[in-house]
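Structural overview
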Amino acid sequence: MNTRHSVTVIGLGPMGRAMAGAFLDRGYEVTVWNRTASRADALVERGAVLASNVEEALAANELVILSLTDYAAMYATLETAIDALAGRTIVNLSSDTPEKARAAALWAAERGAVQLTGGVTVPPSGIGRAESSTFYSGPQHAFDRHRSALEVITGRTDYRGEDPGQAALMYQIGMVMFWTSMLSYWQAIALAQANGLSAADILPHAVDTANSLPGFFTFYAERIDDGQHTGDVDRIAMGMASAEHVLHTNTDAGVDGTLPGTVLEFFRRGMDAGYSGESFSSVVELMMTGRG
Ligand SMILES: NC(=O)c1ccc[n+]([C@@H]2O[C@H](COP(=O)([O-])OP(=O)(O)OC[C@H]3O[C@@H](n4cnc5c(N)ncnc54)[C@H](OP(=O)(O)O)[C@@H]3O)[C@@H](O)[C@H]2O)c1
């Protein structure tokens, strides 16, 4: 069994297929398994070995990459081959909560396996690329041992320590931004379309707006860490007026107001909590106490 140039990939959705493909590109011997076996066809044509069951897939390699929808899918898959888990390093790149990642690491350890949690920050097109990055956490020795193989998946790796929940946490922090940002983009396109503009028409403006955000992130990060929400450059009362304009521009055009209404609701709660003269960053305080 060659742990350096041989790997098993379980789960062949778009991500798992891209990962298995990246390993093949680098000359690895790749064993794959997927619930729907036909998803392996193109990989098998390129030289991957399709295991006939999960047990065979686990037996083939010490290093096992999991790319499944969630951890429930992991249990559904691995519970069919419990006896083959001992001695394996399971790199779980499936999305789920930090708590589920921690529970799964214990579950694996009780069966003689080591789990490394991973959170890939790029879509399938970014797999195998030097500039792409993945968060990892779990036993350092397992990370160090398999680092060169993990760098095939994404050229950059960001190890976040022994707690198996940390990589999942970092991944979910990225995802909360991704989903809400993309929804804001869909909202902008709906508003544009309702006014006779296309997505292409607003693309440069949308990109400029998104590109302005890192400056705001950087400016507010230090203040927030200092617990400072001084209303010297913005005030929540101003934010509330602006959020009302946004909401009504949408509803006047017949566009759904759920998302802008939620933004307005946060400003309203800030006002009610007595933050009217403070920065809109004080919304973080409401969120922290669960009042937001
Ligand atoms: N796509 C992205 O851009 C992206 C980016 C970063 C991270 N991720 C995360 O990476 C993971 C994989 O992504 P993906 O896009 O490849 O996901 P996907 O299309 O949902 O693929 C999921 C895989 O999980 C398998 N699966 C689901 N439920 C199962 C079950 N109960 N038993 C056995 N197998 C099961 C599927 O098998 P079948 O083929 O048989 O259905 C498939 O192989 C997800 O957790 C996702 O959140 C995705």
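Residues numbered from 1 in each chain as written. Predicted model: local features only at pLDDT ≥ 70, side-chain atom pairs only at ≥ 80, totals over all residues. Heavy atoms only, no water.

Here the focus is the overall build of the protein chain. Helices and strands together make up the secondary structure of the protein chain, namely 11 helices and eight strands. Along the first, second and third principal axes, the C-alpha atoms of the protein chain reach 65 × 45 × 30 Å. Expressed as a percentage of the 292 residues in the protein chain, the buried residues total 40%. Contacts in the protein chain between residues far apart in sequence, at least 24 positions, make up 64% of those at least 6 positions apart. Roughly 15100 Å² of accessible area belongs to the protein chain as shown, and the carbon and sulfur atoms make up 56% of that amount. (Helix = DSSP H or I, 4+ residues; strand = E, 2+ residues; numbered from the N terminus. Buried < 20%, exposed > 50% of the residue type's maximum accessible area, 1.4 Å probe, protein only. Contact = heavy atoms within 4.5 Å. Areas by Shrake-Rupley, 256 points an atom, 1.4 Å probe, with all protein chains shown as cover.)

Another aspect to go through is the side chain of Q187. The residue Q187 is located in helix α7 (residues 165–194) in this model. When its relative accessible area of 15% is taken as the criterion, Q187 is described as buried. A distance of 2.9 Å separates a polar atom in the side chain of Q187 from the backbone oxygen of D256. When sequence neighbours within four positions are dropped, the list of residues in contact with Q187 reads N250, V255, D256, L259 and P260. (Polar contact = N/O pair within 3.5 Å; in protein donor to acceptor, adjacent residues only side chain to side chain.)

Further remarks concern the pattern of salt bridges. Tallied over the entire structure, the rule returns 12 salt bridges. Across the pair E62 and R145 runs a salt bridge, and its minimum N-O distance is 2.6 Å. You can see E62 sitting in the loop between α3 (54–60) and β4 (63–66) and its partner R145 sitting in helix α6 (residues 140–153), a full 83 residues away along the chain. The salt bridge partner of E99 is R102, with a shortest N-O separation of 2.7 Å. With E99 and R102 both in helix α5 (residues 98–110) and three residues apart, the pair spans about one turn of that helix. Residue E99 is classed as exposed on the basis of its relative accessible area of 53%. On the basis of relative accessibility, which here comes to 26%, the residue R102 falls in the partly exposed class. In this structure, a network of salt bridges that share partners links the residues E99, R102 and D163. (Salt bridge = Lys/Arg side-chain N within 4 Å of Asp/Glu carboxyl O.)

Our focus in this paragraph is the domain arrangement of the protein chain. Domain boundaries in the protein chain define domain 1 (6–162) and domain 2 (195–288). Between the C-alpha centres of domain 1 and domain 2 the distance comes to 39 Å. (Domains from an automatic or database assignment.)

Our next topic: the packing of helix α4 (residues 71–78) against α5. Two elements in contact, α4 and α5, have axes separated by 10 Å at closest approach and are oriented at 20 degrees. If you check the angle between α4 and α5, you find them roughly parallel. When you trace α4 past α5, the crossing you get is left-handed. Along the contact surface, α4 presents Y71, M74, Y75 and L78, while α5 presents K100, A101, A103, A104 and W107. Residue composition of the contact of α4 with α5, by class: eight nonpolar, no polar and one charged. (Axes fitted to C-alpha atoms, helices over the stretch in contact; angles between N-to-C directions. Parallel < 35°, antiparallel > 145°, perpendicular 65-115°, else oblique. Left-handed = near helix turned anticlockwise from the far one by under 90°. Nonpolar A, V, L, I, M, F, W, Y, C, P; charged D, E, K, R; others polar.)

A separate point is the nonpolar core. Counting residues in hydrophobic clusters, the biggest one holds 29 residues, and the most contacted among them are F23, V30, V32, I65 and I153. When residues of this core are traced back to their parent elements, those giving at least two are β1 (6–10), α1 (14–25), β2 (29–33), β4, β6 (114–120) and α6. For this core, the element with the highest residue contribution is α6, accounting for six residues. Setting aside anything within four residues of it in sequence, one finds I153 in contact with M19, F23, I65, L93, G126, I127, G128, R129 and Y136. (Core = buried A, V, L, I, M, F, W, Y, C linked by side-chain atoms within 4.5 Å.)

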